[in-house]
Every structure is written in structure tokens, then in C-alpha cells.
Amino acid sequence: MIEIIVGIVCLAVGLGVGFLARKRIAEGKIGSAEEEAKRIVDEAVKEAETKKKEILVEAKDEAHKIRNEYERENKERRNELQKSEKRLIKKEEMLDSKSMLVEKKDETLQRKLREIETKQIKLTAIHEKQVEELERISGLTTDEARNMLIDNIKREAEQEAAVAVKDIEREAKETAEKKAREIISYAIQKCSADHVAETTVSVVDLPNDEMKGRIIGREGRNIRALEQLTGIDIIIDDTPEAVVISGFDPIRREVARLALEKLIADGRIHPARIEEMVEKSKKEIEQQIKDEGEQAVLETGVNGIHPELIRLLGRLKFRTSYGQNVLKHSMEVAYLAGIMAAELGADVKIAKRAGLLHDIGKAVDHEVEGPHVTIGEDLARKYKENKAIIHAIAAHHGDVEPQTVEAVLVQAADAISAARPGARRETLETYIKRLEKLEEISNSFEGVEKSFAIQAGREVRIMVKPEITNDTSIVLIAKEIVKRIEDEMEYPGQIKVNVIRESRAIEYAK
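### Structural notes on the nonpolar core
Core analysis: the largest hydrophobic core is formed by 41 residues, its most contacted members being Ile305, Leu356 and Leu379. Secondary-structure elements contributing two or more residues to this core are α6 (271-300), α7 (307-315), α8 (326-344), α9 (348-357), α10 (372-382), α11 (387-395) and α12 (405-419). Setting aside residues no more than four positions away along its own chain, Ile305 makes contact with Val297, Ile310, Arg353, Leu356 and Leu357. Counting residues in each nonpolar core, the second largest holds 26 residues, with Ile223, Ile232, Ile274 and Ile285 among its members.

Structure representation (C-alpha cells):
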């Protein structure tokens with residue numbers, strides 16, 4: 001136990017000595033650390049003071065710069081404001097001066113307006129007095145005088161208008177007629193067409209009168225067979241050495257004529273031979289139709305026509321209109337339209353093609369119902385012709401208003417060809433009726449004394465009463481007569497209306 005106690009005591013003493021030694025060592029280190037900390041703090045304070053001074057100096061410099069800049073900008077703004085203020089003051093002064101001027105002018109205007117109103121009242125009173133005085137002197141009211149003045153002005157205007165119309169028409173006609181005459185004369189000069197008129201009968205010459213009996217045959221069987229096969233009337237009369245073939249269809253008539261000539265040349269005339277010759281003649285006529293159509297296309301220089309249209313053109317060889325061969329007429333129209341189109345700068349190809357095909361409907365008008373214009377239009381559309389060609393065909397008789405230059409040229413060429421002297425025939429009765437109608441229309445107008453249809457109805461000469469009409473009113477009379485003729489009559493070509501006013505002074509010496 002003692003040893004344990006001694007050990008414990010020794011341990012406690014050792015621990016106490018160690019604690020004291022460590023305490024002293026720690027106190028020494030703490031003192032050194034405090035000194036070091038104090039030194040560091042002192043140095044930091046000094047450095048902070050130095051930094052503070054530097055920052056304060058820099059801040060003062062920066063503040064000085066900013067203040068200087070602000071003062072400079074402020075000075076400039078003050079200068080600008082002063083200048084703007086001076087300008088505004090000047091403008092206000094100018095506006096004040098102008099306002100004063102405007103006020104003065106307004107006062108002047110108001111004064112003048114009052115003066116004008118006063119004068120206007122005085123003038124109105126004077127005008128009323130003058131009107132009353134004029135009404136008293138003339139014996140007319142204001143409305144009556146106004147109407148009289150209007151009537152006088154209207155009459156003067158009508159007279160001046162008639163004179164102007166006359167002058168304008170004269171100048172236009174001189175220019176237009178000269179140019180049209182040149183173009184038409186040139187076209188006709190270059191176009192040469194046959195003028196032969198054809199009929200609805202054909203005559204076959206016989207070698208002798210005995211041939212008539214052979215054509216008739218036993219109990220008329222030969223002539224009956226020929227008429228049945230061809231649909232044509234065979235007229236055998238007292239005409240020496242001739243047989244007349246009559247029929248409205250020119251192709252049938254031509255087949256009958258050709259077959260009869262072949263039979264006469266062959267000498268063998270009986271029903272079987274007649275049938276054979278008729279069939280042979282039909283084939284020859286069909287070939288001739290084709291050849292004629294191709295020849296027409298070749299001569300006019302029109303290409304690309306459908307073969308069926310070419311065949312129909314060939315049929316026109318045997319078709320006549322008022323005695324004029326329709327194929328020759330169509331070729332003539334193509335030539336004339338083409339030449340005039342070349343002179344006017346229009347499309348020559350369309351004009352010639354439309355001119356050649358314009359009467360194509362007449363090739364089948366015996367077989368199809370309707371006017372030849374409508375038939376021709378349908379045929380052209382059926383065989384894919386150009387729209388311009390179809391329109392020209394539809395418009396060549398005025399059924400449709402022409403919309404192209406080529407359609408107008410075809411219409412004019414058709415009229416030229418039909419109106420050409422010797423081209424067509426008309427019956428005496430129709431001719432006389434047309435002349436009588438011309439004179440009847442002319443005589444129906446007030447102031448017309450008498451009228452005469454001359455130059456085969458191509459001109460009507462009208463004498464007017466000089467005491468009723470004047471030189472200006474005859475222009476209006478001529479225009480009204482022309483309008484009546486165009487509305488009520490049908491005629492080839494054109495009709496010249498010539499109105500004549502003649503004044504005579506007659507006295508007798510006694």
C-alpha cells in the first residue's frame with residue numbers, strides 16, 4: 001500500500017510539474033503571438049491608412065473631373081437654351097406683326113365686302129328696273145324672251161352643225177373615197193374573172209332529128225329511164241337538132257347532159273346502156289368536182305383545206321347565183337380580199353381563205369335546211385377552220401357584225417364581185433320594183449319635189465323645193481334618205497343619193 005501511495009504521490013507530483021512546465025511554455029508562446037499579432041495589426045492599420053489616402057485622392061480627382069464635365073455640358077446647354085429663347089422671341093415678334101397685318105387685311109376685306117354687298121343690292125335693283133323696262137318695250141316676259149333666245153341659238157347651232165357635218169363629210173369622203181377607189185381599182189385591175197352567166201337549162205346538139213326518136217325509145221322507155229336515173233327533165237320539142245335538159249340541180253343536169261352526149265356518140269340507146277352511161281357520167285362528174293376544187297385551191301394559193309371542203313368547192317362549179325358561177329365568184333372574192341388586205345396591211349392568208357370559203361354553204365343548200373351563211377358557218381366549224389374564217393363567213397352578208405378587218409374585206413369583196421356589171425342578172429320585175437321603191441322613199445320626205453332613179457338603180461337624183469329647204473338642211477335630208485334605203489331595201493353594191501337644190505328667178509319683159 002505504501003508503495004502504491006508513494007507511486008500515486010510521485011505521479012501526482014510529476015503531473016503537477018509537467019502542468020506548470022507546459023503552462024510556462026504556453027504563456028511564452030502566447031506572449032510572442034500577441035506581439036506578432038500586434039505588429040501585424042499595426043502594419044495593417046498603416047497600410048489601410050495609406051490606401052485610404054490614395055483612394056481619397058483618386059476620388060477627389062474623379063469628382064473634380066465629373067464636376068468640370070458637368071459644368072461644361074451645363075454651360076453648353078445654357079448657351080443653346082439662350083439661342084433658342086432668342087429665336088422664339090424673334091418668331092413671336094414676327095407672328096405678332098403678321099397677326100396685326102392679317103387683322104388689318106381682314107378689316108379691309110370686311111369693309112370691301114360690305115361695299116360689294118351694297119353695290120350688289122343697287123345692281124340688282126337696276127337690273128330689275130332694266131328687265132321691267134325691256135319687258136315693257138318688247139312686250140315679252142322674261143320666260144318668253146329666254147325661250148325665244150334658246151330657239152334662235154338652237155337654230156343657229158343646227159345650221160352650224162349641218163355646215164360642219166357637211167364639211168367634215170366632204171373632207172372625209174374625199175380622202176376615204178380616193179383611198180378606197182385606189183385600193184379597189186388596184187384589186188379589180190389585178191383580178192381577172194369570167195363574166196359568163198349560166199342558166200338552169202342545158203342544150204344538147206343532135207346529129208339529126210331522127211336521134212330524137214331513138215332518145216324517146218319505144219313507148220318512151222329510153223327517155224323515161226334517163227329521167228328516172230338522173231332526176232332531170234328531158235324536153236324534146238320542135239327545135240331542130242337539139243334537146244333541152246332542164247333541172248334546178250346543176251350537177252344532175254350536167255350528169256344528164258354528159259350521159260346523153262355519150263349515148264349519142266355511142267349510138268346504142270336502151271335502158272341498160274343508159275344506166276351504164278349515167279353511172280359512168282356520175283363518176284366523171286365526181287372526179288371533175290374534185291379536180292375543180294383542187295384547181296381553185298391551187299390558183300388562189302390557199303393551203304391546208306380539208307379534202308371534204310375541197311370537194312364542196314368543186315360542187316360550186318355547177319352552182320349559180322343570179323346567173324353568176326359561184327366557184328368563179330368565190331375565187332374572185334378571194335383575189336379581191338387578198339389584194340385589199342395586202343394594201344391595208346391585214347392578214348392576206350386569212351382574207352383569201354375566208355373569201356374562197358365564204359359561199360361554201362351554197363354547195364349543199366339544196367340538201368340542208370337553212371340559209372347558206374349558217375350552213376357555211378357550220379361546215380367551216382365542222383372541218384376545224386380558224387375562228388377568224390368562221391366569223392368572216394358568218395358576217396359576209398351582215399347577219400353578224402364584222403369584228404375583224406378581214407371580215408370587212410370579205411364583205412366588201414363579195415359586194416364588189418356581185419355588183420360588177422354583167423356579173424349577175426335579176427328579173428325585169430324585180431329591177432323595176434327596186435327603182436320604184438327608190439323613188440317612193442325619196443318622194444316621201446318633206447321638201448322633195450321629184451326624184452329620179454338613174455344608172456340602173458345605182459343612183460337616185462332628188463330635186464328639192466328651194467323655198468322650203470336651204471343649203472344646210474339638204475345634208476340632213478340626204479342622210480335620212482340613205483338611212484331609209486339601208487333599212488328598207490336590198491340591193492347589190494351601193495346607191496348614190498344626190499340631193500339638188502336649185503333657185504331660179506324668172507321675170508317676163510313686156
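### Describing the pattern of salt bridges
Scanning the model with the defined rule gives 20 salt bridges in all. With its nearest N and O atoms 2.0 Å apart, the salt bridge here joins Glu36 to Arg39. Here Glu36 pairs with Arg39, and both are found in helix α1 (residues 2-138), just three residues apart, close to one helical turn. Here Asp471 makes a salt bridge to Arg501, at a shortest N to O gap of 3.1 Å. Of the two residues, Asp471 sits in the loop between β7 (459-464) and α14 (473-488) while Arg501 sits in strand β8 (residues 496-501), which places them 30 residues apart along the sequence.

### Let's talk about the sheet that holds β7
Across the sheet, three strands lie side by side as β6-β7-β8; this open sheet has mixed pairing. One side of each edge strand has no neighbouring strand; the edge strands of this open sheet are β6 (448-454) and β8. Put simply, the sheet's adjacent strands are angled 20° from each other on average, direction ignored. In this structure, β7 lies alongside β8, joined through six bridges in parallel fashion. Bridging from a neighbouring strand, Met463 pairs with Ile500 of β8.

### A word on unusual backbone geometry
Despite not being glycine, Glu219 shows a phi value in the positive range, around 55°. Residue position: Glu219 is located in the loop between α3 (210-216) and α4 (221-230).

### Here we look at the environment of Val165
Tracing the sequence through the fold places Val165 in helix α2 (residues 142-190). Classification of Val165 by relative accessible area gives partly exposed; the value is 29%. Sequence separation between Val165 and Thr472 is 307 residues, and the spatial gap between their C-alpha atoms is 9.2 Å. The contacts of Val165, once residues within four sequence positions are left out, are Val475 and Lys479.

### Comments concerning the packing of α6 against α7
Angle between the axes and distance between the axes are the two parameters that describe a pair of packed helices. Running from amino to carboxyl end, α6 crosses α7 at an angle of 105°, the nearest separation of the two axes being 7 Å. Taken together, the axis directions place α6 and α7 in an arrangement best described as roughly perpendicular. Contact residues: Glu286, Ile289, Lys290, Glu292, Gly293, Glu294 and Val297 in α6; Ile310, Arg311, Leu313, Gly314 and Arg315 in α7.

### Thoughts on the pairing of strand β3 (residues 242-246)
Walk down a regular strand and you will see the side chains alternate between the two sheet faces. Of all five residues in β3, four are buried, a share of seventy percent or more. Bridge analysis of strand β2 (residues 233-235) against β3 gives three bridges, and the strand direction is antiparallel. When the bridges of β3 are listed, Asp233 appears paired with Ser246. In this structure, the hairpin formed by β2 and β3 is closed by a connection of six residues, where Glu241 is found at a positive phi of approximately 55°.

### Things to note about a negative patch on the surface
Together, Glu54, Glu58, Asp61 and Glu62 make up a negatively charged patch on the protein surface. In this fold, Glu58 is placed in helix α1.

### Here we look at a nonpolar patch on the surface
Together, Ile5, Val9, Val13 and Val17 give the surface a local cluster of nonpolar side chains, amounting to about 350 Å² of exposed area. Residue placement: Val9 occurs in helix α1.

### Some remarks on a positive patch on the surface
Residues Lys83, Lys86, Arg87, Lys90 and Lys91 make up a contiguous surface patch of positive charge. Mapped onto the secondary structure, Arg87 falls in helix α1.

### Examining α8
For α8, with 19 residues, the first-to-last C-alpha span of 26 Å sits near the 27 Å given by 1.5 Å per residue. Burial analysis of α8 places 14 of its 19 residues in the buried class, which makes it a mostly covered element. Two to three positions downstream of the cap, the backbone nitrogen of Leu327 sits 3.1 Å from a side-chain oxygen, assigning the N-cap of α8 to Asn325. Note on α8: the residue one or two positions beyond its end, Gly345, has a positive phi of about 80°.

### Topic: the packing of α4 against α6
Here α4 crosses α6 at 30°, and the two axes come no closer than 9 Å. Between α4 and α6, the crossing angle belongs to the class labelled roughly parallel. Remark: the crossing between α4 and α6 carries right-handed chirality. In this structure, α4 contributes Arg221, Asn222, Ala225, Leu226, Leu229 and Thr230 to the contact, and α6 contributes Pro271, Ile274, Glu275, Val278 and Lys282. Tallied by class, the residues present in the contact of α4 with α6 amount to six nonpolar, two polar and three charged.

### Brief notes about the pairing of β6
Of the strand pairs in this sheet, β6 and β7 are connected by six bridges, and their pairing is antiparallel. Bridged to Ala453 within β7 is Val460.

### A closer look at helix α5 (residues 250-266)
Along its 17 residues, α5 runs 24 Å from first to last C-alpha, staying within 8% of the 24 Å computed at 1.5 Å per residue. Of all 17 residues in α5, twelve are buried; the element is thus mostly enclosed. Considered for burial, the residues of α5 that qualify are Pro250, Ile251, Arg253, Glu254, Val255, Ala256, Arg257, Leu258, Ala259, Leu260, Leu263 and Ile264. Positive phi shows up at Gly267, right after α5, with a value of about 90°.

### Overview of the side chain of Thr469
In this fold, Thr469 is placed in the loop between β7 and α14. Contacts of Thr469, omitting those with residues within four sequence positions, involve Gly447, Val464, Ile474, Ile477 and Arg501.

### A closer look at the confidence of the model for the protein chain
When the pLDDT values of the protein chain are averaged, the result is 82; 91% of them are 70 or greater. Scored below 50 in pLDDT, residues 194-198 makes 13 contacts in the model with residues more than four places away or belonging to other chains.

Reading the values: the criteria
Residues numbered from 1 in each chain as written. Predicted model: local features only at pLDDT ≥ 70, side-chain atom pairs only at ≥ 80, totals over all residues. Heavy atoms only, no water. Core = buried A, V, L, I, M, F, W, Y, C linked by side-chain atoms within 4.5 Å. Buried < 20%, exposed > 50% of the residue type's maximum accessible area, 1.4 Å probe, protein only. Helix = DSSP H or I, 4+ residues; strand = E, 2+ residues; numbered from the N terminus. Contact = heavy atoms within 4.5 Å. Salt bridge = Lys/Arg side-chain N within 4 Å of Asp/Glu carboxyl O. Pairing = 2+ DSSP bridges. Axes fitted to C-alpha atoms, helices over the stretch in contact; angles between N-to-C directions. Parallel < 35°, antiparallel > 145°, perpendicular 65-115°, else oblique. Patch = residues over 30% accessible without salt bridge, like charges linked within 9 Å, V, L, I, M, F, W, Y side chains within 5 Å. Areas by Shrake-Rupley, 256 points an atom, 1.4 Å probe, with all protein chains shown as cover. Lys, Arg positive; Asp, Glu negative; His and termini not counted. Charge placed at Lys NZ, Arg CZ, Asp CG, Glu CD. Expected span 1.5 Å × (residues − 1). Polar contact = N/O pair within 3.5 Å; in protein donor to acceptor, adjacent residues only side chain to side chain. Left-handed = near helix turned anticlockwise from the far one by under 90°. Nonpolar A, V, L, I, M, F, W, Y, C, P; charged D, E, K, R; others polar. pLDDT = per-residue confidence, 0-100.

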